Amino acid sequence: MRNTLVLNAGYEPLTTVSLQRAVVLVLQGKAVVEQAHPMRVVRGADVEVPLPRVVRLTRYVRVPFRQRAAWSRRGVLVRDQHRCAYCGRRATTVDHLVPRSRGGADSWLNTVAACAEDNQRKADRTPEQAGMTLLRRPFEPTPEAALMLALGLRRADAGDLAAWLPQPA
C-alpha cells in the first residue's frame with residue numbers, strides 16, 4: 001500500500017510511496033520525516049526512525065508540468081474503489097471498453113475496474129456487443145485527485161494531511 005506522501009524540497013506534493021520506500025529514503029538521507037504516525041517507530045540494530053506519513057526530499061527534484069494524471073492499472077482500480085463497473089463486486093482486473101485488439105488505448109476514459117468473471121464474459125467485445133451495462137462511466141481524475149486516491153483519502157477525510165495537500169481550485 002502506498003500511504004506515505006512525498007513532498008519536494010519546496011514542500012509541494014510529488015507522489016506517494018510505500019512505508020518501506022519512505023523509510024529507505026530517510027535512512028539514505030534523501031528525505032526527512034515531516035509528519036509521522038503517532039507513537040510508532042521502525043527500529044533497527046543501530047537506528048530508530050519514526051514511521052513516516054509525510055516525507056520531504058532534501059534535494060529539489062525538477063518535475064515537468066503535468067496537467068493530467070498518469071494512467072496506470074493501479075490508478076484505475078483505486079479510482080473505481082476496487083468495485084466492478086458491471087456488477088459492483090470486488091474488482092481485481094482492468095477492462096478496456098474498446099479492447100486493445102481493436103485499437104483501444106490504455107486511457108482513463110477507456111478502462112474500468114472489473115471482476116475477473118465479468119472481464120472474461122465481456123472478452124474481446126465492447127460492453128454493448130456483450131450486452132453488459134456500466135454502473136458508472138469512467139472519468140479522468142485531476143492530478144490532485146489522483147494523489148488523494150493514491151493515499152486512499154477523500155478531501156473531507158484528509159485530516160492532518162490536509163496541510164500538505166494541494167488545495168482545490
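Calculation notes
Along each chain, residue indices are assigned from 1 in the same order as the chain's sequence is written. Per-residue local features are limited, in this predicted model, to residues with pLDDT of at least 70; the limit for side-chain atom pairs, both in listing and counting, is 80 or more; totals at the level of whole chains, interfaces and linings are taken over all residues. Hydrogens are left out, water is left out, and the side-chain values use all remaining heavy atoms of the structure. Helix numbers and strand numbers start at the N terminus; a helix is a DSSP run of H or I with at least 4 residues, a strand a run of E with at least 2. We call two N or O atoms a polar contact when they sit within 3.5 Å, provided that within protein one can donate a hydrogen and the other can accept it, with sequence-adjacent residues counted only if both atoms are side-chain atoms. It only takes one pair of heavy atoms within 4.5 Å for two residues to be counted as in contact. Pairing between two strands is assigned when DSSP locates at least 2 bridges connecting them. To get an axis, fit a line to the C-alpha atoms, keeping to the stretch in contact for a helix; angles then go from 0 to 180 degrees between the N-to-C directions.

**Quick look at the side chain of T111**
Here is step 1 of the chain: One can find T111 in strand β6 (residues 111-114).
Here is step 2 of the chain: Only 3.0 Å separates the side chain of T111 from the side chain of W71, close enough to count as a polar contact.
Here is step 3 of the chain: Other than its neighbours up to four places away in sequence, T111 contacts W71, V76, R79, V94, D95, H96, A105 and P138.

**Comments concerning unusual backbone geometry**
Here is step 1 of the chain: A positive phi is found at Y11, a non-glycine position, where the angle reads about 75 degrees.
Here is step 2 of the chain: Inspection of the secondary structure puts Y11 in the loop between β1 (4-7) and β2 (13-17).
Here is step 3 of the chain: One non-glycine residue, M39, lies in positive phi territory at about 60 degrees.
Here is step 4 of the chain: Note on placement: M39 falls in strand β3 (residues 31-43).

**Some words on the sheet that holds β2**
Backbone hydrogen bonds are what pair the strands of a sheet, in a parallel or an antiparallel way.
Here is step 1 of the chain: If you walk across this open sheet you meet the 4 strands as β2-β1-β4-β3, and the pairing is mixed. Sheet topology places β2 and β3 at the edges, where each strand pairs with a single neighbour. Neighbour-to-neighbour, the strand axes of the sheet open up by a mean angle of 35 degrees, direction not taken into account.
Here is step 2 of the chain: Relative to strand β4 (residues 48-57), β1 is paired through 3 bridges, and the arrangement is parallel. Of the residues in β4, the one forming a bridge with L7 is R56.
Here is step 3 of the chain: Strand contacts of helix α1 (residues 19-27): β1, β2, β3 and β4, with the helix running at about 90 degrees to β4, the strand carrying the most contacts.

**What to know about the environment of V23**
Here is step 1 of the chain: Position of V23 among the secondary structure elements: in helix α1.
Here is step 2 of the chain: Here the alpha-carbon distance between V23 and P52, two residues 29 residues apart in the chain, equals 7.1 Å.
Here is step 3 of the chain: Apart from the residues within four sequence positions on either side, V23 is in contact with V42 and P52.

Nothing here speaks to function; it is geometry throughout.
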